[in-house]
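A structural walkthrough
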Amino acid sequence: MLGGVSQYSEDTAHDDELVVPIGQDILVVDDDPKNLVAIEAALGPLGRRLVLAHSGTEALSRLLEQDFALILLDVMMPKMDGFEAAKLIRSRERNRATPIIFITGLAWEETDILRSYELGAFDFLVKPVRAEVLRAKASVFLLLQERTLALREALARIHDRELAKLYQAEQAARLLAELAKRRALFLSQASAILGASLDIDDTLRNVAQAAVPGIADWCAVELVGEDGVLRQVAVAHVDPTKITLARELRERYPTPPDAPTGVPNVIRTGTSELYTEIPDAMLVQGARDPEHLRLIRELGLRSAMIVPIFDRGRAVGAISFVTAESGERYSADDLQMAEQLGERASVAIANARLYEQAKVAIQLRDDFVSIAGHELRTPLATLSLQMEALLQIRDDTPIAEVRHRGTKLAKQVARMSSLADQLLDVSQLATKRLELAHERFDLGALAREIVARITDEVPDARISIDAREVVGRWDQARIDQVVTNLVTNAIKYGDSKPVSVRVDGDATEAILTVADQGIGIATDDQARIFERFERAVSPRRFGGLGLGLWIVKQLVDAHGGSINVASTPATGTTFTVTLPRQPA
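Residues numbered from 1 in each chain as written. Predicted model: local features only at pLDDT ≥ 70, side-chain atom pairs only at ≥ 80, totals over all residues. Heavy atoms only, no water.

Within the chain one finds 16 helices and 17 strands. Long-range contacts, defined as pairs at least 24 residues apart, comprise 65% of the intrachain contacts of the chain with a sequence gap of at least 6. Total accessible area on the chain is roughly 30,700 Å²; 54% of this is exposed by carbon and sulfur atoms. (Helix = DSSP H or I, 4+ residues; strand = E, 2+ residues; numbered from the N terminus. Contact = heavy atoms within 4.5 Å. Areas by Shrake-Rupley, 256 points an atom, 1.4 Å probe, with all protein chains shown as cover.)

The next subject is the sheet that holds strand β17 (residues 572–580). The five strands lie next to each other as β12-β14-β15-β17-β16, forming an open sheet whose pairing is mixed. On the outer flanks of this sheet lie β12 (463–467) and β16 (562–568), each paired with one strand and no other. For this sheet, the mean inter-axis angle between neighbouring strands, taken without regard to orientation, is 10°. With seven bridges joining them, β16 and β17 adopt antiparallel strand pairing. Bridging across to β17, S562 finds its partner in T578. The sheet contacts of helix α15 (residues 476–493) involve β12, β14 (499–505), β15 (509–516), β16 and β17, and relative to β15 the element is tilted by about 20°. (Pairing = 2+ DSSP bridges. Axes fitted to C-alpha atoms, helices over the stretch in contact; angles between N-to-C directions.)

The first and last C-alpha atoms of helix α7 (residues 200–211) sit 17 Å apart over 12 residues, in line with the 16 Å expected at 1.5 Å per residue. Of all the positions in α7, only I200, D201, T203, L204, V207, A208 and A211 are classed as buried. The arc that holds every buried residue of α7, seen down its axis, measures 160°, which confines them to one face. (Expected span 1.5 Å × (residues − 1). Buried < 20%, exposed > 50% of the residue type's maximum accessible area, 1.4 Å probe, protein only. Arc of directions from axis to C-beta.)

Per the stated rule, a full pass over the model turns up two aromatic pairs. With 5.2 Å between their ring centres and 70° between their planes, F83 and F102 make a pair best called edge-to-face. Of this pair, F83 sits in helix α3 (residues 82–91) while F102 sits in strand β4 (residues 100–104), and the two are 19 residues apart along the sequence. A residue is classified by how much of its surface remains accessible, and F83, at 6% relative accessible area, is buried. Overall, the relative accessible area of 0% leaves F102 in the buried class. On the basis of an interplanar angle of 70° and a centroid distance of 5.3 Å, the ring pair of F441 and W474 is categorised as edge-to-face. Here W474 lies in strand β13 (residues 471–475) and F441 lies in strand β11 (residues 438–442), a separation of 33 residues in the sequence. Taking relative accessible area as the criterion, F441 reaches 8% and is therefore assigned buried. (Phe/Tyr/Trp six-rings, centres within 6.5 Å; stacked < 30°, edge-to-face > 60°.)

Ordered by their spatial adjacency, five strands build an open sheet running β7-β6-β10-β9-β8, and the pairing between neighbours is antiparallel. The sheet terminates laterally at β7 (230–237) and β8 (273–275), the two strands that pair on one side only. Each neighbouring strand pair of the sheet contributes to a mean axis angle of 15°, computed without reference to strand direction. In this structure, strand β6 (residues 218–224) lies alongside strand β10 (residues 314–323), joined through six bridges in antiparallel fashion.

This is the structure:
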């Protein structure tokens, strides 16, 4: 070969022989210069010269000048796309065996895969292409070329036994290429399955079924539930009777969560495991008793690989692939394919969970809009009726009556103003735009003022207060809001029974306690009452926006404090707020 122009043994090729390109260079065709640079960097370690073409037309011109060991061909190009270029390349006798790898930025449909193989493609990749993946795939075809050329050169000088060995090497190289095709096709099918549904359990079951028998005799998917318990969401086997045996094994001999190998270890470390061979000694070592060993041996395990599934950077599950009846052995290339599937499953799980979260958020929003509309309409309707009545009042009506009606109007206006303030607080707190104006004041004195104010507004309320002097630096308006919300909440759910307020503290902290003897809160509801729009009772029986306790918690957290609840249904509820006396 001189100057990159190769010799070609076309005149010596027969129909029953493999026509092999003996060019040494690699032709890279892509209309995007950035992609050419990236591919050039990825293939640099292979030591082959790269010839770059920016279009299908330019690629055909390069093929007239020399032969190539491999062609990397972009599918989406203007004027002449990759499929058209491939068809023209294959029309030339001397290029009909040159390996072509298609590269595209779009997801491969099954029709595209079939079309690429009809045009003689040996493999395909989806952008962005990982450098190590591209390098590995290119190495397979370069190795195939080298071994085939070595076989051809050896025909004239070695005997039948040596020739048979080289032929086996050629067959092995062909097998590698066939396995690469099979892996790529499986990944494409699995990606389509993972993207077809947002029900993650159904999707993972379909992926397990797709893996058997194509790349595994066994396939199982396990996920960590919200309770932290590992559960099997999918299992498939070429022999359905073996699934029953596997489930029996899982139930009788569950894998310890601290096991140094296997699914628990993969989830714990986030690192894949590959077992190219599973010798009987490994089964003996892992068995817990003779019966366990008998059942494991009955499965006939030969090779296995386990890859993690991630969600926001944390391993939340694993996919296990096992060979048994087929006798096949997994390699590092197989593990790489399995890890790519794990990555796709991770994306599918993240999308499914985001979808579920979005549904919950939309439902909460709709519920809130409905409740807020009802809560705002009630005082507005009362206000409208009272305004109407006031406008129709007779001129000789006593001033005391006018003031009484005006007081009622003021109460409805105050109620609407309070609802509007809560909505404004939600907006500020949700966007983290709340600013605190710290000042020095006595929490005990503020609590006494609030209790007196509420008692004036709600004469029927029975509130006792025990508040000593506890001075600190807080935002007085926001702490007023905390105390007011807790006391009015106690009156609302206190079943018309006494409410007690207490202020105490020490050198570093102030402690506010508000207790009622009302309906109480069930243990399961105590955590969620501090969530936005949440409540432990029916909104039909108790009005409000379901924001009061959420606002309280946000304000307490903003001051660096904490709030806790202790409650027993039908007995009462006690809220305890702890505040640092000095801002952090």
